[in-house]
2 protein chains.
Amino acid sequence: MKNYSRQREEIIKVVKDSYNHPTAEEIYMIVKAKDPAVSRSTVYRNLGLLVESNLIKQISMKVGPDRYDYMRKNHNHAVCTKCGKIFDFEYSFEYDELQKSIKEQTGIEISNDGIVFEGICDSCKN
Amino acid sequence: MKNYSRQREEIIKVVKDSYNHPTAEEIYMIVKAKDPAVSRSTVYRNLGLLVESNLIKQISMKVGPDRYDYMRKNHNHAVCTKCGKIFDFEYSFEYDELQKSIKEQTGIEISNDGIVFEGICDSCKN
DNA sequence: CTTGAAAATAGGAATAATTCCTATTTTCGG
DNA sequence: CCGAAAATAGGAATTATTCCTATTTTCAAG
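Bear in mind that the values here come from a model prediction, so they are computed numbers and not experimental data.

Some words on the relation of the copies chain A and chain B
By a simple turn and slide, chain A fits onto chain B: the slide is 0.0 Å along the axis, the RMSD is 0.1 Å, and the turn is 180 degrees. Here the two chains are linked by the operation of a two-fold rotation axis. Measuring from the rotation axis to each C-alpha of chain A, the shortest distance belongs to valine 116 of chain A, at 2.6 Å. An overlap of 100% is found between the interface residues of chain A and their copies at the interface of chain B, pointing to a shared contact surface.

Now the structure itself:
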């Protein structure tokens, strides 16, 4: 993340403009449409860097490849453990006490977006 | 999950006796020590079935293979997104309102153990 | 401007984890 | 017992991701 590259800029733009939690492959295809020479490694490497610097969020699921989400306002993710679909929702918590308790018991410091909610979605209940 | 098989029984036993969130491979190796003819597919298939029937919990992480945990009392998981280590902790929430809100907004019904907490652990802060 | 070192890239091979396939064996209700 | 359904072993295949190497690009200092 030290030097400028148009590939990285384009990758950021694509994730930012996507509101459906795209996979690395999907991002790759969209970027490729504009810049046919881009390579998968570049996409994967940059996604990793962007996650590390907290610009985007990576969501691992039980089914299918990881998904990426641009960091906006305060929204959380609910994941269906059956089909892997991701739903956004808004909710403001009283984290303080919980965070402190987790920190004490495990040493892990969680952030507001560090909570993933898992369950079964409507259409998978059949 | 209709007919009895000693392979499945052994797999359950191994997960139940493990308190360190073993991977499928680790479970396979332990079962294999007792029953050298067991195959990986059997382990994977049964873990899937057991997760489905809520006897064990599957934990996907950003790094490394999935891990499995026998369902005991009320404990939650905090995952380090850097090294993938999983920590158990205890905390009782007031879920009702939160659950209702998620249900309304996304259609997803989460259970008490359907919340994964992510952050950075102590030793990864260096 | 040049230049040179660090950063980034393309392209594809390699790896890791998991799923899938097929033939065989086991279970268990009637 | 017997037969259908369930489960299995063994390994091939697939999928997602990481790794490798040679080349290109960026950018700060002279």
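Right, picking up where we left off after that structure.
Some remarks on the protein's contact with DNA strand D
In the region of DNA strand D, 19 residues are neighbours, and Lys2, Ser5, Ser41, Thr42 and Arg45 of chain B sit closest. Counting only atoms of DNA strand D within 4 Å of the protein, the sugar-phosphate share comes to 74%. At 2.9 Å, a side-chain N or O of glutamine 7 of chain B approaches a sugar or linking oxygen of DNA strand D. Here arginine 8 of chain B contributes a side-chain N or O atom positioned 3.2 Å from a phosphate oxygen of DNA strand D. Among the secondary structure elements, those contributing two or more residues to the surface near DNA strand D are helix H3 (40-52) of chain A together with helix H1 (6-17) and helix H3 (40-52) of chain B. Per-element tally for the surface near DNA strand D: the top contributor is H3 of chain B, with four residues. Within the surface near DNA strand D, the residues separate by chemical class into six nonpolar, nine polar and four charged.

Overview of the packing of helix H2 (residues 24-34) of chain A against H3 of chain A
Residues and elements named next belong to chain A. It is at 10 Å that the axes of H2 and H3 come closest, and there the two elements cross at 120 degrees. Considering their axes alone, H2 and H3 lie oblique with respect to each other. In this structure, H2 meets H3 at a crossing whose hand is right-handed. Contacts between H2 and H3 involve Ala24, Glu25, Ile27 and Tyr28 from the first element and Arg40, Val43, Tyr44 and Leu47 from the second. Tallied by class, the residues present in the contact of H2 with H3 amount to six nonpolar, no polar and two charged.

Focus on the protein's contact with DNA strand C
Residue and element names in this part refer to chain A. Lining the immediate environment of DNA strand C, one finds 19 residues, of which Lys2, Ser5, Ser41, Thr42 and Arg45 sit closest. For DNA strand C, the backbone makes up 73% of the atoms found within 4 Å of the protein, where backbone means sugar plus phosphate. One nitrogen or oxygen atom from the main chain of serine 39 is found 3.1 Å from a phosphate oxygen belonging to DNA strand C. Here a phosphate oxygen of DNA strand C and a side-chain polar atom of arginine 45 are 2.3 Å apart.

Some remarks on the interface of chain A and chain B
Taken together, the contact between chain A and chain B spans 39 residues of the former and 39 residues of the latter. Summed over both sides, the interface of chain A with chain B buries roughly 3,000 Å², with 56% coming from carbon and sulfur. On the surface where chain A and chain B come into contact, there are seven salt bridges. Notably, a salt bridge pairs lysine 57 of chain B with glutamate 118 of chain A, separated by 3.4 Å at the nearest N-O pair. Connecting chain A to chain B are 16 residue pairs in polar contact (both at pLDDT 80 or more). Within the residue set of the side of chain A that touches chain B, elements represented by two or more residues are strand S1 (56-59), strand S3 (76-80), strand S4 (86-89), helix H4 (95-106) and strand S5 (109-120) of chain A. Counting residues per element, the side of chain A that touches chain B draws most heavily on S5 of chain A, which supplies 10 residues. With seven bridges joining them, S5 of chain A and strand S5 (residues 109-120) of chain B adopt antiparallel strand pairing. Bridge pairing in S5 of chain B places glutamate 109 of chain A opposite isoleucine 120 of chain B.

Rules used in this analysis
- Residues numbered from 1 in each chain as written.
- Chains lettered and ligands numbered in written order.
- Predicted model: local features only at pLDDT ≥ 70, side-chain atom pairs only at ≥ 80, totals over all residues.
- Heavy atoms only, no water.
- Least-squares fit on C-alpha atoms with pLDDT ≥ 70 in both.
- Contact = heavy atoms within 4.5 Å.
- Near = heavy atom within 4 Å.
- Polar contact = N/O pair within 3.5 Å; in protein donor to acceptor, adjacent residues only side chain to side chain.
- Helix = DSSP H or I, 4+ residues; strand = E, 2+ residues; numbered from the N terminus.
- Nonpolar A, V, L, I, M, F, W, Y, C, P; charged D, E, K, R; others polar.
- Axes fitted to C-alpha atoms, helices over the stretch in contact; angles between N-to-C directions.
- Parallel < 35°, antiparallel > 145°, perpendicular 65-115°, else oblique.
- Left-handed = near helix turned anticlockwise from the far one by under 90°.
- Buried area = accessible area lost by both parts, 1.4 Å probe.
- Salt bridge = Lys/Arg side-chain N within 4 Å of Asp/Glu carboxyl O.
- Pairing = 2+ DSSP bridges.

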